[in-house]
Amino acid sequence: MNELSVYIIASVIFLAIGVYGIIAKRNAIRILFAIEIVINAANLNIAAFARYGSLALSQAQAIAIFVIGIAAAEAAVGLAIIIQAFRLRGKINVDEMNEMKE
Amino acid sequence: MDFIVPIILIIFSSIAAILSLESRSLVYGAVSLAIFFLGLSLFFFYLGLTYLAIFQVAVYVGAIAVLIMFTVMVVGEGQRRKRSVPLLAMGLLGGAIILASFIMGISYFFSLPNPSMQPSFTLVSLARYVMDNYGLILFILALLLTSAAYGAVALARREVEETA
């Protein structure tokens, strides 16, 4: 087992934890936590391939910084949606947000 | 092959990630998520991607984790408990550890030899690389962040109630 595989395994562990959170949790903030964990797993993969793979360090850092920027935007909009949903319904349980089905 | 540090970091970050999803209180979950982000930045430090680690701490721990905690407080899902002495002591101890590590880190960086010893990759070169190769993407990202901030404010602002 080489060192790259250790980081890929770590990334897969974080991805699995994140996917579990997205599927199993019903609280919207917990789901946002899980999405952030998944995004960070992707960033760890990029960093590992930069260190041990063929990706250049500068290129990897640039890509990861873009990912962090997009994740920041996603978190800001997601939290604003959660606040708005809480204001409208008093709860942030995604099971109860089904108005668009009708 | 040195696997000890990555494995310790994997265990540390995995526990923090699981706690962020499974803790009973959302406030503790948000704190665990911040610790997970910190663990990822340690991964980046260990891999030699120093600037990415600094960005990770600045954006995720400094901005997103605090924003999430603020939202948790606003939504009111956190458990309000009476201030207990053990929790206060733990908080003070954690704060002291963070402060000590911060001081040690700063003193370490100041004790390093002249940065010109490593001219191959600096923050300036990273910025130049990004501007030269990813200028358009950077511009689009800036627009995206601006529109996201505007959208977040528009979504979260309190609507003026119409009076009959």
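Presented here is an overview of the structure given in this document. Bear in mind that the values here come from a model prediction, so they are computed numbers and not experimental data. (Residues numbered from 1 in each chain as written. Chains lettered and ligands numbered in written order. Predicted model: local features only at pLDDT ≥ 70, side-chain atom pairs only at ≥ 80, totals over all residues. Heavy atoms only, no water.)

A look at the pattern of salt bridges
Under the defined criterion, the tally for this structure stands at three salt bridges over all chains. For Glu-22 of chain B, the salt bridge goes to Lys-25 of chain A, with nearest N and O atoms at 3.2 Å. Note that Glu-22 of chain B is positioned in helix α1 (residues 4-22) and Lys-25 of chain A in the loop between α1 (3-24) and α2 (28-52), a pairing that runs across two chains. Of the residues examined, Glu-22 of chain B reaches a relative accessible area of 37% and is grouped as partly exposed. Between Asp-95 of chain A and Arg-26 of chain A there is a salt bridge; the shortest N-O distance is 3.1 Å. You can see Asp-95 of chain A sitting in the segment after α3 (57-89) and its partner Arg-26 of chain A sitting in the loop between α1 and α2, a full 69 residues away along the chain. Judged by its relative accessible area of 35%, Arg-26 of chain A is partly exposed. (Salt bridge = Lys/Arg side-chain N within 4 Å of Asp/Glu carboxyl O. Helix = DSSP H or I, 4+ residues; strand = E, 2+ residues; numbered from the N terminus. Buried < 20%, exposed > 50% of the residue type's maximum accessible area, 1.4 Å probe, protein only.)

Regarding the interface of chain B and chain A
Taken together, the contacts link 60 residues of chain B with 55 residues of chain A. Interface area for chain B against chain A, summed over the two sides, is near 5100 Å², with a carbon-plus-sulfur share of 77%. When the buried area of chain B at its contact with chain A is split by residue, Leu-21, Leu-47 and Leu-155 of chain B rank highest and sum to 14% of it. For the interface between chain B and chain A, the tally reads one salt bridge. Where chain B packs against chain A, one counts nine residue pairs in polar contact (both at pLDDT 80 or more). Among the secondary structure elements, those contributing two or more residues to the side of chain B that touches chain A are α1, α2 (26-47), α3 (50-75), α5 (123-133) and α6 (135-156) of chain B. A per-element tally of the side of chain B that touches chain A places α3 of chain B first, with 14 residues. Within the side of chain B that touches chain A, the residues separate by chemical class into 44 nonpolar, nine polar and seven charged. (Contact = heavy atoms within 4.5 Å. Buried area = accessible area lost by both parts, 1.4 Å probe. Polar contact = N/O pair within 3.5 Å; in protein donor to acceptor, adjacent residues only side chain to side chain. Nonpolar A, V, L, I, M, F, W, Y, C, P; charged D, E, K, R; others polar.)

A closer look at the packing of aromatic side chains
Per the stated rule, a full pass over the model turns up eight aromatic pairs over all chains. Plain terms: the ring middles of Tyr-7 of chain A and Tyr-52 of chain A are 5.7 Å apart, the flat faces sit at 25° to each other, and that makes the pair stacked. You can see Tyr-7 of chain A sitting in helix α1 and its partner Tyr-52 of chain A sitting in helix α2, a full 45 residues away along the chain. Its relative accessible area of 1% is what places Tyr-7 of chain A among the buried residues. Its relative accessible area of 29% is what places Tyr-52 of chain A among the partly exposed residues. Residues Phe-37 of chain B and Tyr-60 of chain B carry aromatic rings whose centres are separated by 4.4 Å and whose planes lie at 40° to one another, so their mutual orientation is tilted. (Phe/Tyr/Trp six-rings, centres within 6.5 Å; stacked < 30°, edge-to-face > 60°.)

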